[in-house]
Amino acid sequence: QLATEAKSNEITAIPKLLELLDLRGATVTIDAAGCQKEIAAKIVAGGGDYVLALKANQPTMHEEVRLLFDEFIAKGFGEMAHDFFEQTDGDHGRIETRRCWVTGEVAWFEDREQWAGLKNFAAVECERTVGDKTSCERRYFMSSHEGTSAETIAQAVRSHWQIENGLHWCLDVSFREDMSRIRKGHAAENLSRIRRLALSLLKQETTARIGIKGKRLKAGWDEEYLLRVLIA
């Protein structure tokens, strides 16, 4: 974890954070804000691979990749080399089907030499059915992974969102982190680390079959349970 500097954002913090990590053999996934040439180069230089989301911050690339996949998915890939992976899960009345298409044909992309390690582009589609309502979203990515394994890209993208949902969503809902107005000195950064430590301890304690917010309350009311959480 690395705090962003005042009047700055995560684009300047990500390269500094990457320098602290051993990236050899690792896959780094970053939201569209981190889809930057300098960040891709730093990941590759550190011995890692990347899967970076494409959105409006790279408008030309995003539009070109979107048009490429939308056309080929609709009409068929023909002779274009590609790989496809599909997975369906059902839980709590929800059916979710995830599809991933990957192509290693990047020679058509004029700026490819500016992106270190660029090996393939991917499209990931998520179709959710809850009751009688179905929604579908398609997102686009670039990757440095050798080969065109759609399953590899699909798992990387899903793992990224599991972190988003399992960590950031919990911190916001159970700890109301986004509502915090603490700004003075290092207090915000210190409390952020304490929240993550507390969340980790509460997740490891499994005897109380209640949510994280309920466990926090129980730990505040019950000293015996608090000790159980601390030594879990």
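Since the structure is predicted, the reported quantities are computational estimates derived from the model, not experimental observations.

1. Description of the packing of helix H1 (residues 10-19) against helix H2 (residues 37-45)
Viewed as axis vectors pointing N to C, H1 and H2 meet at an angle of 5°, and their least axial separation amounts to 10 Å. Taken as axis vectors, H1 and H2 run roughly parallel relative to one another. In contact with Ile11, Ile14, Pro15, Leu18 and Glu19 of H1, H2 contributes Ile39, Lys42 and Ile43. Here the contact of H1 with H2 is composed, by residue class, of 6 nonpolar, no polar and 2 charged.

2. A closer look at the nonpolar core
The biggest cluster of nonpolar side chains holds 27 residues, and the ones touching the most others in it are Tyr50, Leu54, Met61, Phe69, Trp115, Phe121 and Met142. Elements with a contribution of two residues or more to this core: H1, strand E1 (27-30), H2, strand E2 (49-54), helix H3 (59-75), strand E5 (120-130) and strand E6 (133-143). The greatest single-element share of this core, amounting to 4 residues, is contributed by H3. When near neighbours in sequence (up to four residues on either side) are disregarded, Met61 contacts Leu54, Phe109, Trp115, Phe121 and Met142.

3. What about the pairing of E6?
Two strands pair when backbone bridges link them, and E2 and E6 are joined in this way by 4 bridges, in the antiparallel orientation. Its bridge partner lying in E6, Leu54 is registered against Tyr140. Where E5 folds back on E6, the antiparallel hairpin that results is connected by 2 residues, among which Gly131 adopts a positive phi of roughly 65°.

4. With respect to the pattern of salt bridges
Tallying each qualifying case throughout the model produces 16 salt bridges. The residue Glu19 makes a salt bridge to Lys42 at a minimum N-O spacing of 3.1 Å. Linking Glu19 in helix H1 with Lys42 in helix H2, this pair joins segments that are 23 residues apart in sequence. Its relative accessible area of 27% is what places Lys42 among the partly exposed residues. Through salt bridges with shared partners, a single network forms among Glu63, Arg66, Asp70, Glu86, Arg99, Glu125, Glu127 and Arg138.

5. Some words on the side chain of Ser143
Checked against the element boundaries, Ser143 lands in strand E6. Reaching out from Ser143, the side chain makes a polar contact with the backbone nitrogen of His145 at a distance of 3.0 Å. Non-local contacts of Ser143, meaning those with residues more than four positions away in its chain, are made with Tyr50, Val51, Gly117, Leu118, Lys119, Asn120 and Ile153.

6. Let's talk about the packing of aromatic side chains
For the coordinates displayed, the defined rule picks out 6 aromatic pairs. When the ring of Trp108 is compared with that of Phe121, the centres are 5.5 Å apart and the planes differ by 40°; the resulting orientation is tilted. You can see Trp108 sitting in the loop between strand E4 (94-103) and E5 and its partner Phe121 sitting in strand E5, a full 13 residues away along the chain. Relative to Phe121, the ring of Phe109 lies with its centre 5.7 Å away and its plane at 90°, an arrangement referred to as edge-to-face. In this pair, Phe109 sits in the loop between E4 and E5 while Phe121 sits in strand E5, placing the two residues 12 residues apart along the sequence. As far as the burial class goes, Phe109 and Phe121 line up, both buried.

7. Re the sheet that holds strand E3 (residues 83-91)
One key point about sheets: their strands pair by backbone hydrogen bonds, in either a parallel or an antiparallel sense. Strand order in this open sheet of 6 strands is E1-E2-E6-E5-E4-E3, and the pairing throughout is mixed. Each edge of the open sheet carries a strand with a single partner, namely E1 and E3. The average angle at which neighbouring strand axes cross in this sheet is 20°, direction not considered.

8. With respect to the side chain of Lys215
Looking at where Lys215 falls in the secondary structure, it is placed in helix H6 (residues 212-221). No salt bridge is formed by the buried Lys215; the nearest opposite charge belongs to Glu205, separated by 4.6 Å. Not counting residues up to four positions away in its chain, the partners in contact with Lys215 are Leu202, Lys203, Glu205, Ala208, Ile210 and Tyr225.

9. Quick look at the state of the cysteines
Summed over all chains, the structure comprises 0 disulfides. Cys35 carries a free sulfur, and the closest cysteine sulfur to it, the one in Cys100, is 16 Å from it. The thiol of Cys136 is unpaired, and the distance to the nearest cysteine sulfur, on Cys126, comes to 7.7 Å. With a relative accessible area of 48%, Cys136 lands in the partly exposed category.

The rules behind the values
- Residues numbered from 1 in each chain as written.
- Predicted model: local features only at pLDDT ≥ 70, side-chain atom pairs only at ≥ 80, totals over all residues.
- Heavy atoms only, no water.
- Axes fitted to C-alpha atoms, helices over the stretch in contact; angles between N-to-C directions.
- Helix = DSSP H or I, 4+ residues; strand = E, 2+ residues; numbered from the N terminus.
- Parallel < 35°, antiparallel > 145°, perpendicular 65-115°, else oblique.
- Contact = heavy atoms within 4.5 Å.
- Nonpolar A, V, L, I, M, F, W, Y, C, P; charged D, E, K, R; others polar.
- Core = buried A, V, L, I, M, F, W, Y, C linked by side-chain atoms within 4.5 Å.
- Buried < 20%, exposed > 50% of the residue type's maximum accessible area, 1.4 Å probe, protein only.
- Pairing = 2+ DSSP bridges.
- Salt bridge = Lys/Arg side-chain N within 4 Å of Asp/Glu carboxyl O.
- Polar contact = N/O pair within 3.5 Å; in protein donor to acceptor, adjacent residues only side chain to side chain.
- Phe/Tyr/Trp six-rings, centres within 6.5 Å; stacked < 30°, edge-to-face > 60°.
- Lys, Arg positive; Asp, Glu negative; His and termini not counted.
- Disulfide = S-S within 2.5 Å.

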